[in-house]
Amino acid sequence: MNSEDFLKIIEFEAEEINHFFKKASIEGRGTSQEVADRREIAVKKFLERYFPFPYRIAKGNIIDSYGLRSNSIDCILLNPCHPYTVTDESKYSLIFADGVDTAIEVKPDLSNKNELFRSLDQIKSVKKLRRKKDDHIKLLGKKIIEEIEISRKQISSVIFANKTFSNIETLIKHIGNYYIENKITKREQFDLIVINGRGILYNSRKNYNIDFPGFEGLYFIEHKKKTLASFLLQLNKFPQPEEKFGTPVLNYYYNENEKPVATYNAEINKGLLENG
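These numbers come from a predicted model, not from an experiment. (Residues numbered from 1 in each chain as written. Predicted model: local features only at pLDDT ≥ 70, side-chain atom pairs only at ≥ 80, totals over all residues. Heavy atoms only, no water.)

Colleague: I'd love a proper account of the pattern of salt bridges, names of residues and values included.
Modeller: By the definition in use, this model includes 14 salt bridges. With a shortest N-O distance of 3.8 Å, Lys8 and Glu11 are connected by a salt bridge. Taken together, the residues span about one helical turn, with Lys8 and Glu11 both in helix H1 (residues 4-27) at a distance of three residues. With its nearest N and O atoms 2.9 Å apart, the salt bridge here joins Glu40 to Lys59. Of this pair, Glu40 sits in helix H2 (residues 32-50) while Lys59 sits in strand S1 (residues 56-60), and the two are 19 residues apart along the sequence. Owing to a relative accessible area of 36%, Lys59 belongs among the partly exposed residues under this scheme. In the salt-bridge network here, residues are joined through shared partners; they are Glu105, Lys107, Glu115 and Arg118. (Salt bridge = Lys/Arg side-chain N within 4 Å of Asp/Glu carboxyl O. Helix = DSSP H or I, 4+ residues; strand = E, 2+ residues; numbered from the N terminus. Buried < 20%, exposed > 50% of the residue type's maximum accessible area, 1.4 Å probe, protein only.)

Colleague: Break down the packing of helix H3 (residues 113-127) against helix H5 (residues 168-181) for me, with residues and values.
Modeller: Running from N to C, H3 and H5 point in directions that differ by 50°, and their axes come no closer than 11 Å. Of the possible angle classes, the one that applies to H3 and H5 is oblique. Here the hand of the crossing between H3 and H5 comes out right-handed. Taken together, the residues of H5 that come into contact with H3 (itself represented by Lys113, Leu116, Phe117, Leu120 and Asp121) are Leu171, His174, Ile175, Tyr178 and Tyr179. A breakdown of the residues in the contact of H3 with H5 according to their chemical character gives seven nonpolar, one polar and two charged. (Axes fitted to C-alpha atoms, helices over the stretch in contact; angles between N-to-C directions. Parallel < 35°, antiparallel > 145°, perpendicular 65-115°, else oblique. Left-handed = near helix turned anticlockwise from the far one by under 90°. Contact = heavy atoms within 4.5 Å. Nonpolar A, V, L, I, M, F, W, Y, C, P; charged D, E, K, R; others polar.)

Colleague: How would you sum up a nonpolar patch on the surface? Please name residues and give values.
Modeller: Together, Val249, Tyr252 and Tyr253 line one region of the surface with nonpolar side chains, adding up to about 360 Å² of accessible area. Mapped onto the secondary structure, Val249 falls in the loop between helix H6 (227-237) and strand S8 (262-263). (Patch = residues over 30% accessible without salt bridge, like charges linked within 9 Å, V, L, I, M, F, W, Y side chains within 5 Å. Areas by Shrake-Rupley, 256 points an atom, 1.4 Å probe, with all protein chains shown as cover.)

Colleague: Run through the packing of aromatic side chains, naming residues and quoting values.
Modeller: Counted according to the given criterion, the structure contains twelve aromatic pairs. Measuring from ring centre to ring centre gives 6.1 Å for Phe215 and Tyr219, while their planes differ by 85°; the resulting arrangement is edge-to-face. One aromatic cluster is present, formed by Tyr202, Phe212, Phe215, Tyr219 and Tyr264 through successive ring pairs. In this arrangement the basic side chain of Lys132 is found over the ring face of Tyr66, its NZ or CZ atom lying 5.2 Å from the centre. (Phe/Tyr/Trp six-rings, centres within 6.5 Å; stacked < 30°, edge-to-face > 60°. Lys NZ or Arg CZ within 6 Å of the ring centre and 35° of its normal.)

Colleague: Could you give me a rundown of the side chain of Asp101, with the residues and numbers involved?
Modeller: Along the chain, Asp101 turns up in strand S3 (residues 100-109). Here Asn79 takes part through its side chain, which lies 3.0 Å from a polar atom of the side chain of Asp101. Those residues within four positions of Asp101 in sequence are excluded, and the remaining contacts are Tyr55, Leu77, Asn79, Arg131, Ile155, Ser156, Pro239, Gln240 and Pro241. (Polar contact = N/O pair within 3.5 Å; in protein donor to acceptor, adjacent residues only side chain to side chain.)

Colleague: Which residues make up unusual backbone geometry, and what are the values?
Modeller: The omega angle of the peptide bond from Phe53 to Pro54 is 15°, so this bond is cis rather than trans. As for its placement among the helices and strands, Pro54 is situated in the loop between H2 and S1. Positive phi, normally seen in glycine, also occurs at Lys183, with a value near 50°. With respect to the helices, strands and loops of the structure, Lys183 is situated in the loop between H5 and strand S5 (192-195). Not every positive phi belongs to a glycine, and Asn207 is a case in point at roughly 70°. Looking at the secondary structure, you find Asn207 in the loop between strand S6 (199-204) and strand S7 (217-221). You can call Asn207 buried: its relative accessible area is 17%.

See below:
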């Protein structure tokens, strides 16, 4: 069952983020970092409403216990198990991979190729990290699939944008060709790209966080006004550092029971599969 009240609120959330992004361009004019910071606040506030304390939203570099460090990420959803490593300026001095649920890079418009490729590189730096633990309960006698085990120890990574190309296949081609030409394997690729108010580009890979059985590659689904609801649903599905008990509250108020129609490029998906 889908709650009409919840979906109406989600519509308002999408409009509010859109207005916040536009307002940021005016209020922070002349200073690109100021504009970026204001946009990130809009996404941060949205996440905080649906992942309240003891979840927290941070910004910065993520380190793992193997000595690797990511680039600075705009919005990082911290699991309740993450230590409260906050300075007097309310900034996180350390962000540990083993306490991170999801890394989210925020971009205003992915039709800017430089911004698009930079965001893909930001995600790549996160995907190189490894957690030592995850929320998966290993059952006695059940076959362990190594690829799944590795995937669950990676941090789920999302790009959140307010706009992109009017023709979504243009976005798919730019991303696919970038990955293929630079030989970036599926292990270091994004999981979702969320386009506010329009839909989600899913990166489906067998035995990975996003896995549409029988379909591998980039698939865009037009969730339209339900985009943010589908985004929240997916955030609750991603592997986490620690086992979560019980069903997420939102699962009782929204589910994707319609059969989706996806936009994709067969040639790009074939190239990504061959790329490894």
